[in-house]
Every structure is written in C-alpha cells, then in structure tokens.
Amino acid sequence: MKKNHFIILYIIIIGLIAVIISTRDQWLSGKSVPLTEPPEVSNFNECVAMGFPVQESYPRRCIANQTQTFTEEITPPLEPTEQDNLNITVSSPKKNESISSPVTIKGQARGNWYFEASFPVAIYDSNNLLLAQAPATAEGEWMTENFVPFSLTLSFPKPSTATGKIILKKDNPSGLPEYDDQIEVPIIFSSKASE
C-alpha cells in the first residue's frame, strides 16, 4: 500500500516539474501568454466560409464562436408586387398595361405551382367572357422549390370590353380547394386587340 502511495506522489511531482519547466520562460519574463482571439465574423457567408456549424433550418443559421448567430438571407429572384404572391411573379404584362393580340406572358413560378411542368393561363374580358386559354410551360427543371421561368404567347379575338384580366392558376390535379391558388393581372385592351 505504501509503495502505491509513493508511486502516485512521484507521478504528481514529475508532472509539476514538467509544468514549471514548460512555463519558466513566461514566469521569468513576466509576460502572459496571449489567448487566441476568435476570428471576427460579420455575416452568414463569412461564418460558413470559416467552417462554423450551420443549422439546416429554413433559412439556414450559422453559429460563430458559440455566441453569435447569423441567418441566411433569402430573397426571391423578383420582388413580389401586389399582383403577385410568394409563389409566382409576373414580369410582363404589368398591372393595367395595354395589350394586344398576340400577347406574351412572362414570369416565374415556384416548382409547386406547376404540375407536369405546366399550369393554366386564361384571358377574360371584364364581363368574365373567356377569350383565350392555354398552359404556360416551365422553361427549366420544375421539380424544385425554387422559381422556374415561364413564357406563353396567347392570341385572342377582339374583346367587347376595354378592360379585362389575365388569370394564372396554380395547377391542382387533386381538385381539392385547399390547394387552389391563382393571381389576376388586370389589363387594358388596346385598339389593336384583335387577331
């Protein structure tokens, strides 16, 4: 038993001597060891680039130095306007723009707006008379949550009213009303609005 105590005491003394030898230059000079400053991070991209952990949430968050959190900025490719919603944006024609036949309808929609890479588009006059209808087709991979561009050219007969609307409907093969969605773009028919 005494032999075991002697061995433990011997190990402790050797450990203390090793610590004293490794720090003697600092003690003699009176200088303290500078602690490594954590790198400065000011945004999400810097945080990711420095290798800090990223939480796979939406939007993603990066945790720097265990005290700072930076959230990834998510912006849609086009800013939604009052005629748009967060799933589809229409770049042409704009709200209350004058159109004639044929008209090209352009914009982008999130992948879930499409079904089999298309969704229905229709032109109505202000009496709700259907003038033209056709599917808009995705111009890229539509099986995504991101925006996918679309373009469609529609010809329509001379309308009986001066104004109308373009309706872009979310394709809803289920037929369930909770999955319905659409946007309306009010338009003005120019005097040349005939085929």
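Reading the values: rules and limits
Residues numbered from 1 in each chain as written. Predicted model: local features only at pLDDT ≥ 70, side-chain atom pairs only at ≥ 80, totals over all residues. Heavy atoms only, no water. Helix = DSSP H or I, 4+ residues; strand = E, 2+ residues; numbered from the N terminus. Buried < 20%, exposed > 50% of the residue type's maximum accessible area, 1.4 Å probe, protein only. Contact = heavy atoms within 4.5 Å. Areas by Shrake-Rupley, 256 points an atom, 1.4 Å probe, with all protein chains shown as cover. Phe/Tyr/Trp six-rings, centres within 6.5 Å; stacked < 30°, edge-to-face > 60°. Salt bridge = Lys/Arg side-chain N within 4 Å of Asp/Glu carboxyl O. Disulfide = S-S within 2.5 Å. Pairing = 2+ DSSP bridges. Core = buried A, V, L, I, M, F, W, Y, C linked by side-chain atoms within 4.5 Å.

(A) Spotlight on the overall build of the protein chain. Scanning the protein chain from terminus to terminus reveals two helices and 11 strands. Across the protein chain, helices and strands are ordered from the amino to the carboxyl terminus as α-α-β-β-β-β-β-β-β-β-β-β-β. Taking all 195 residues of the protein chain together, 30% fall into the buried category. Considering only contacts in the protein chain between residues 6 or more positions apart, those separated by 24 or more positions represent 56%. Counting only carbon and sulfur atoms, one obtains 56% of the accessible surface of the protein chain, whose full area is about 13,200 Å².

(B) Molecular detail of the packing of aromatic side chains. Scanning the entire structure with this criterion turns up four aromatic pairs. A centroid spacing of 6.4 Å and a plane angle of 85° characterise the contact between tryptophan 113 and phenylalanine 119, whose relative ring orientation is edge-to-face. Between phenylalanine 119 and phenylalanine 150 the ring centres are 5.0 Å apart and the planes differ by 85°, which places this aromatic pair in the edge-to-face class. In this pair, phenylalanine 119 is assigned in strand β7 (residues 118-125) and phenylalanine 150 in strand β9 (residues 147-154), connecting sequence segments 31 residues apart.

(C) View of the pattern of salt bridges. Counting across every chain of the model gives one salt bridge. Between glutamate 72 and arginine 60 there is a salt bridge, and its shortest N-O distance comes to 3.0 Å. Taken as a pair, glutamate 72 in the loop between β3 (68-71) and β4 (88-92) and arginine 60 in the loop between β1 (54-55) and β2 (61-64) lie far apart in primary sequence, 12 residues in all. A relative accessible area of 28% places arginine 60 in the partly exposed class.

(D) How the structure looks around the state of the cysteines. Across all of its chains, the model carries one disulfide by this definition. There is a disulfide in this structure between cysteine 47 and cysteine 62, and the S-S distance comes to 1.9 Å. Given an S-S torsion of about -80°, the disulfide between cysteine 47 and cysteine 62 has left-handed geometry. Within this pair, whereas cysteine 47 is found in helix α2 (residues 44-49), its partner cysteine 62 is found in strand β2, the two being separated by 15 residues in sequence. Of the two residues, cysteine 47 and cysteine 62, both sit in the buried class.

(E) Here's a closer look at the sheet that holds β3. With respect to topology, three strands assemble into an open sheet ordered β1-β2-β3, the strand pairing being antiparallel. Edge strands, defined here as strands with exactly one partner in the open sheet, are β1 and β3. Both β1 and β2 contribute to a ladder of two bridges, which runs antiparallel. From the neighbouring strand, valine 54 faces β2, where its bridge partner is cysteine 62.

(F) How the structure looks around the nonpolar core. Phe119, Val121, Phe150, Leu154 and Leu168 are the most contacted members of the largest nonpolar core, which has 29 residues in total. Secondary-structure elements contributing two or more residues to this core are β4, β6 (103-110), β7, β8 (130-138), β9, β10 (163-169) and β11 (182-189). Considering each element in turn, this core owes the most residues, five residues, to β8. Counting residues in hydrophobic clusters, the runner-up holds seven residues, among them Val41, Phe52, Cys62 and Phe70.

(G) Fine view of the pairing of β10. Of all seven residues in β10, five are buried; the element is thus mostly enclosed. Judged from the seven bridges that link them, β10 and β11 form a sheet pairing that is antiparallel. Note on β11: the bridge partner recorded for threonine 163 is isoleucine 188.

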